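Survey of secondary and tertiary structure
Here is what each chain is made of, one letter per residue.
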Amino acid sequence: AKPLGRRGPRHDEAMTSKSASTFAMIGTLLLWIYWPSFNGALATGASQHRVVINTTLSLCGSCVAAFIGSRLLRGGKFSMEDIQNATLAGGVAIGSSADLVVLPGPAIIVGIVAGIVSVTGFAIISPFLSRAFDLDDTCSVFS
């Protein structure tokens, strides 16, 4: 790593620009719009409707859990990165089972669990790995 030069800012020192945050939020909105149809693309017949509904409910559950978890873990403040990561986590978590005959309750629970895991990973695990092992999670893999 020495030939590459000085290391960039650590996880807790990293700052984002206003334009990067704006584009990340636009990407999150696009996830909300297109992720249900992405999950439902391979489903057939009536199961397409079920996939879209389950995915939307999972996204809702993950975002609600992210808002609550972000507020609890960040001293009463919301972090947009938590919400953005949880949106992706909710869509991915329900993706493989969205076409199964899943009632609305379990779809929401899958989203809530994904949101909690995502916020915990981003708020607690990533800074810990950065401090303890000098591992920087630049792509939020651990959340």
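Structure: see above.
What the protein chain contains, in helices and strands, is four helices and zero strands. Secondary structure elements in the protein chain, listed N-terminal to C-terminal, are α-α-α-α. Expressed as a percentage of the 143 residues in the protein chain, the buried residues total 34%. Within the protein chain, contacts between residues separated by at least 24 positions form 69% of all contacts whose residues are at least 6 apart in sequence.

Every α-helical turn comprises 3.6 residues, leaving residues that sit three or four positions apart pointing alike. For helix 4 (residues 104–133), spanning 30 residues, the distance from its first C-alpha to its last is 41 Å, which sits close to the expected 44 Å at 1.5 Å a residue. The largest bend in helix 4 is about 40°, located at Gly-121. The first or second residue beyond helix 4 is Asp-134, which carries a positive phi of 60°.

Below, the discussion takes up the packing of helix 3 (residues 80–95) against helix 4. Viewed as axis vectors pointing N to C, helix 3 and helix 4 meet at an angle of 135°, and their least axial separation amounts to 8 Å. Relative to helix 4, the element helix 3 lies oblique. Helix-helix and strand crossings are classified by hand; for helix 3 and helix 4 the assignment is right-handed. Between helix 3, through Glu-81, Asp-82, Asn-85, Ala-86, Ala-89, Gly-90, Ala-93 and Ile-94, and helix 4, the contact on the second element is made entirely by Ala-107, Val-110, Ala-114, Gly-115, Ser-118, Val-119 and Phe-122.

What follows is about the packing of aromatic side chains. In the structure shown here, the tally under the stated rule is two aromatic pairs. With a centroid separation of 5.2 Å and 50° between ring planes, the pair formed by Trp-35 and Phe-38 is classed as tilted. Note that Trp-35 and Phe-38 are positioned in helix 1 (residues 18–40) at a spacing of three residues, about one turn of the helix. Centroid distance Phe-67 to Phe-78: 5.1 Å. Interplanar angle 85°. Geometry classified as edge-to-face. Residue Phe-67 is located in helix 2 (residues 47–73), and its partner Phe-78 is located in the loop between helix 2 and helix 3; the two are separated by eleven residues in the primary sequence.

Two numbers describe how helix 2 lies on helix 3: the axes approach to 8 Å, and their chain directions differ by 145°. Note on packing geometry: the crossing formed by helix 2 with helix 3 is right-handed. Contacts between helix 2 and helix 3 involve Asn-54, Thr-55, Ser-58, Leu-59, Ser-62, Cys-63, Ala-66, Phe-67 and Ser-70 from the first element and Asp-82, Ile-83, Ala-86, Thr-87, Gly-90, Gly-91 and Ile-94 from the second. Taken together, the residues that form the contact of helix 2 with helix 3 break down as seven nonpolar, eight polar and one charged.

For helix 3, with 16 residues, the first-to-last C-alpha span of 23 Å sits near the 22 Å given by 1.5 Å per residue. Along helix 3, the positions that sit buried rather than exposed are Asp-82, Ile-83, Gln-84, Asn-85, Ala-86, Thr-87, Ala-89, Gly-90, Gly-91 and Ile-94.

The next point concerns the side chain of Asn-54. Here Asn-54 lies in helix 2. Excluding anything up to four places from it in sequence, Asn-54 contacts Ile-94, Ala-98, Leu-100, Val-102, Leu-103 and Ala-107.

What follows deals with the nonpolar core. Within the largest apolar cluster, six residues are counted, these being Ala-43, Val-51, Ile-94, Ala-98, Val-102 and Ala-107. Filtering out sequence-adjacent residues up to four positions away, Ala-107 remains in contact with Asn-54, Leu-57, Ser-58, Ile-94 and Val-102. Membership of the second largest hydrophobic core comes to five residues, among which are Cys-63, Ile-83, Ala-86 and Val-119.

Definitions and cut-offs
For every chain, the first residue of its written sequence is number 1, and the numbers climb from 1 along that sequence. With the structure being a predicted model, the display of local features is reserved for residues of pLDDT at least 70 and the display and counting of side-chain atom pairs for 80 or more, all residues being used for whole-chain, interface and lining totals. Derived side-chain values reflect all non-hydrogen atoms in the structure, with water molecules and hydrogen atoms excluded from consideration. Counting from the N terminus, the helices are DSSP H or I runs at least four residues long and the strands are E runs at least two residues long. The buried label applies to any residue whose accessible area, calculated with a 1.4 Å probe on protein chains only, is under 20% of its type's maximum; exposed applies above 50%, and partly exposed to all values in between. The contact criterion used is simple: two residues touch if any of their non-hydrogen atoms lie within 4.5 Å. Expected helix span is computed as 1.5 Å times (number of residues minus one). The angle separating two fitted axes, one through the seven residues that finish at a residue and one through the seven that start at it, defines the bend at that residue. Interaxial angles span 0 to 180 degrees and are taken between N-to-C directions of axes, which are lines fitted to C-alpha atoms, for helices over the stretch in contact. Angles are sorted into four bins: roughly parallel if under 35 degrees, roughly antiparallel if over 145, roughly perpendicular if 65 to 115, and oblique for all others. By convention, the crossing between two helices is left-handed when the near helix turns anticlockwise from the far helix through less than a right angle, and right-handed when the turn is clockwise. Two rings from Phe, Tyr or Trp (for Trp, the six-membered ring) form a pair when their centres sit within 6.5 Å of each other. Planes less than 30 degrees apart are called stacked, planes more than 60 degrees apart edge-to-face, and all others tilted. When residues are sorted by character, Ala, Val, Leu, Ile, Met, Phe, Trp, Tyr, Cys and Pro go into the nonpolar class, Asp, Glu, Lys and Arg into the charged class, and all the rest, Gly among them, into the polar class. Note on terminology: a nonpolar core comprises buried Ala, Val, Leu, Ile, Met, Phe, Trp, Tyr and Cys residues joined through side-chain atoms within 4.5 Å.

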